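Residue-level structure breakdown
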Amino acid sequence: MFYQAPEIQGSIRNLRQYYRESMRQNVWAYEIYIDDVLVKSEDCHWWSNTREEVIIAVKEIGDRIKEQELIKRELATVGNRIYVKWCTDITKAGKAQGITGYYGIFEKRHLYCCATYQSLDAALAKLGEIESRNNVEKALFNSFRND
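Residues numbered from 1 in each chain as written. Predicted model: local features only at pLDDT ≥ 70, side-chain atom pairs only at ≥ 80, totals over all residues. Heavy atoms only, no water.

1. Observations concerning the overall build of the protein chain
Check the secondary structure of the protein chain and you find three helices and seven strands. From first element to last, N terminus to C terminus, the protein chain shows the α and β order β-β-β-β-α-β-α-β-β-α. Here the protein chain has a C-alpha radius of gyration of 23 Å; the compact-globule value for 147 residues is 15 Å, and the former is much larger. Structurally, the protein chain occupies a C-alpha span of about 75 × 45 × 20 Å along its principal axes. The long-range fraction of contacts in the protein chain, counting pairs at least 24 apart against all pairs at least 6 apart in sequence, stands at 42%. Counting only carbon and sulfur atoms, one obtains 50% of the accessible surface of the protein chain, whose full area is about 10200 Å². On the protein chain, the mean spot of the 21 positive side-chain charges and the mean spot of the 21 negative ones are 2 Å from each other. (Helix = DSSP H or I, 4+ residues; strand = E, 2+ residues; numbered from the N terminus. Rg over C-alpha atoms; globule rule 2.2 N^0.38 Å. Contact = heavy atoms within 4.5 Å. Areas by Shrake-Rupley, 256 points an atom, 1.4 Å probe, with all protein chains shown as cover. Lys, Arg positive; Asp, Glu negative; His and termini not counted. Charge placed at Lys NZ, Arg CZ, Asp CG, Glu CD.)

2. Quick look at the layout of surface pockets
Think of a ball as big as a water molecule: rolled over the atoms, this probe shows where empty space is left. Considering only enclosed or pocket space, the largest pocket measures out at about 330 Å³ in volume. Lining the largest pocket we find 14 residues, and of these Ala5, Leu70, Glu74, Lys85 and Trp86 sit closest to its centre. For the lining of the largest pocket, the secondary structure elements donating two or more residues are helix H1 (51–78) and strand E5 (82–87). When grouped by side-chain class, the residues that make up the lining of the largest pocket number six nonpolar, two polar and six charged. (1 Å grid on protein atoms, 1.4 Å probe; cavity = no way out; pocket = protein on both sides within 12 Å on 5 of 7 lines; lining within 4 Å. Points joined across faces, edges and corners; volume = space filled by probe spheres on them. Nonpolar A, V, L, I, M, F, W, Y, C, P; charged D, E, K, R; others polar.)

3. With respect to the sheet that holds strand E4 (residues 37–44)
If you trace the three strands from one edge of the open sheet to the other, you get E2-E3-E4, paired in antiparallel fashion. Every interior strand has two partners, whereas the edge strands, strand E2 (10–20) and E4, have only one. Neighbour to neighbour, the strand axes of the sheet diverge by 15 degrees on average, direction disregarded. Here H1 sits on the sheet and contacts E2, strand E3 (25–34) and E4; the angle it forms with E3, its principal contact strand, is near 35 degrees. (Pairing = 2+ DSSP bridges. Axes fitted to C-alpha atoms, helices over the stretch in contact; angles between N-to-C directions.)

4. Some thoughts on the pairing of strand E6 (residues 102–107)
By the criterion of burial, E6 is predominantly enclosed, with five of the six residues buried. Strand direction decides the pairing type here: E5 and E6, joined by six bridges, are antiparallel. When the bridges of E6 are listed, Trp86 appears paired with Tyr103. Sheet topology note: the E6/strand E7 (residues 110–117) ladder contains four bridges and is antiparallel. Within the sheet, the bridge partner assigned to Tyr103 lies in E7 and is Tyr117. (Buried < 20%, exposed > 50% of the residue type's maximum accessible area, 1.4 Å probe, protein only.)

5. Some points on the pattern of salt bridges
Taken as a whole, this structure holds eight salt bridges when the rule is applied. The closest approach of N and O atoms between Glu129 and Arg133, which form a salt bridge, is 4.0 Å. Residue Glu129 and its partner Arg133 are located together in helix H3 (residues 120–146), separated by four residues, close to a single helical turn. For Glu129, a relative accessible area of 41% gives the class partly exposed. Its relative accessible area of 40% is what places Arg133 among the partly exposed residues. (Salt bridge = Lys/Arg side-chain N within 4 Å of Asp/Glu carboxyl O.)

Read these as geometric descriptors, not functional statements.
What follows is the structure in structure tokens.
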């Protein structure tokens, strides 16, 4: 199975500053939407920050929420299966060679085997080999258990 992460669109809406009487200070209010669904609405007491600083801070919060949402969607899609995924977490040495990413074989978001591939076909072939080997081992185990 090849897993490709979906495109997630995030946005900040209703960013405003107002005076909150209970706190006796200005507060910032914002809403974060992912794919037009409200995921977070909060009032923060960043009273000394400029609008640009607040936007940067809210974007960081939104990026963390977006990453969590990507993880949830990936685990919901793949379940307990082994899958191939394109990764872009490259070392400095790899970047120096011009490598932009690699195909890896994963299980529940963890690298399943150390081999990485530049070709999707090679990664899928290795995945098929691993799955067939696992099926043979399961059959062998079940034959011992049934005896």
